[in-house]
Amino acid sequence: VQLVESGGGLVQAGGSLRLSCAASGSTFTIKAMGWYRQSPGKQRELVARITSGGVITNYADSVKGRFTISRDNAKNTMYLQMNSLKPEDTAVYYCNAVDGRHFGYWGQGTQVTVSS
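All values derive from a computational prediction rather than experimental measurement.

(A) View of the sheet that holds strand β1 (residues 2-6). Across the sheet, four strands lie side by side as β1-β3-β8-β7; this open sheet has antiparallel pairing. The sheet is open, and its two borders are formed by β1 and β7 (67-72), each paired with just one other strand. Neighbour-to-neighbour, the strand axes of the sheet open up by a mean angle of 15 degrees, direction not taken into account. Summarising the sheet, β1 and strand β3 (residues 17-24) pair through five bridges and their orientation is antiparallel. Within β3, the position partnered with L3 by the bridge is A23.

(B) Structural context of the nonpolar core. Residues L3, M33, W35, L80, M82 and Y93 are the most contacted members of the largest nonpolar core, which totals 29 residues. Mapped by element, the contributors of at least two residues to this core are β3, β4 (30-38), β5 (45-50), β7, β8 (77-82), β9 (91-99) and β11 (110-115). The residues contacting M33, other than those within four sequence positions of it, are L3, C21, A48, R49, I50, I69, R71, M78, C95, N96 and A97.

(C) Main features of the packing of aromatic side chains. Applying the stated criterion to the full structure yields three aromatic pairs. Ring plane angle 70 degrees and centroid distance 5.0 Å describe the contact between Y36 and W106, whose orientation is recorded as edge-to-face. Of the two residues, Y36 is situated in strand β4 and W106 in strand β10 (residues 104-106); the sequence distance between them amounts to 70 residues. The buried category is assigned to Y36, whose relative accessible area is 17%. For W106, a relative accessible area of 40% translates into the label partly exposed. Ring plane angle 85 degrees and centroid distance 6.4 Å describe the contact between Y94 and W106, whose orientation is recorded as edge-to-face. With Y94 in strand β9 and W106 in strand β10, the pair connects residues that are twelve residues apart, well separated along the chain. A network of ring pairs unites the aromatic residues Y36, Y94 and W106 as a single cluster. Just above the ring of Y94 sits the side chain of R44; from NZ or CZ to the centre is 3.7 Å. Of note, R44 hangs over the ring of W106, and the distance from its end group to the ring centre comes to 4.6 Å.

Rules used in this analysis
Residues numbered from 1 in each chain as written. Predicted model: local features only at pLDDT ≥ 70, side-chain atom pairs only at ≥ 80, totals over all residues. Heavy atoms only, no water. Pairing = 2+ DSSP bridges. Helix = DSSP H or I, 4+ residues; strand = E, 2+ residues; numbered from the N terminus. Axes fitted to C-alpha atoms, helices over the stretch in contact; angles between N-to-C directions. Core = buried A, V, L, I, M, F, W, Y, C linked by side-chain atoms within 4.5 Å. Buried < 20%, exposed > 50% of the residue type's maximum accessible area, 1.4 Å probe, protein only. Contact = heavy atoms within 4.5 Å. Phe/Tyr/Trp six-rings, centres within 6.5 Å; stacked < 30°, edge-to-face > 60°. Lys NZ or Arg CZ within 6 Å of the ring centre and 35° of its normal.

What follows is the structure, given as structure tokens:
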């Protein structure tokens, strides 16, 4: 499974961005997918996760009500709509997929920078 993120960039506080994660390869093996982020000097943290059936499992408390995760299985693509962005959302955002053997795959990451 290969994952490619896109959609990152520079935005002012209060603005919006939509990240995309395109999956290719053995996508039929994918179960859950999710978005993680990592800021300099911090550990990578879960932002949101969604199962293969589109049932949202959880969001980080810091993004609840502002971010929305979704998945288009027909396009093998996952999205993260980010609204009301804050400077503390600045990070590299990574796409993650887990297959039926619980093996994890990662994308290369996309930078999101929110200016105050």
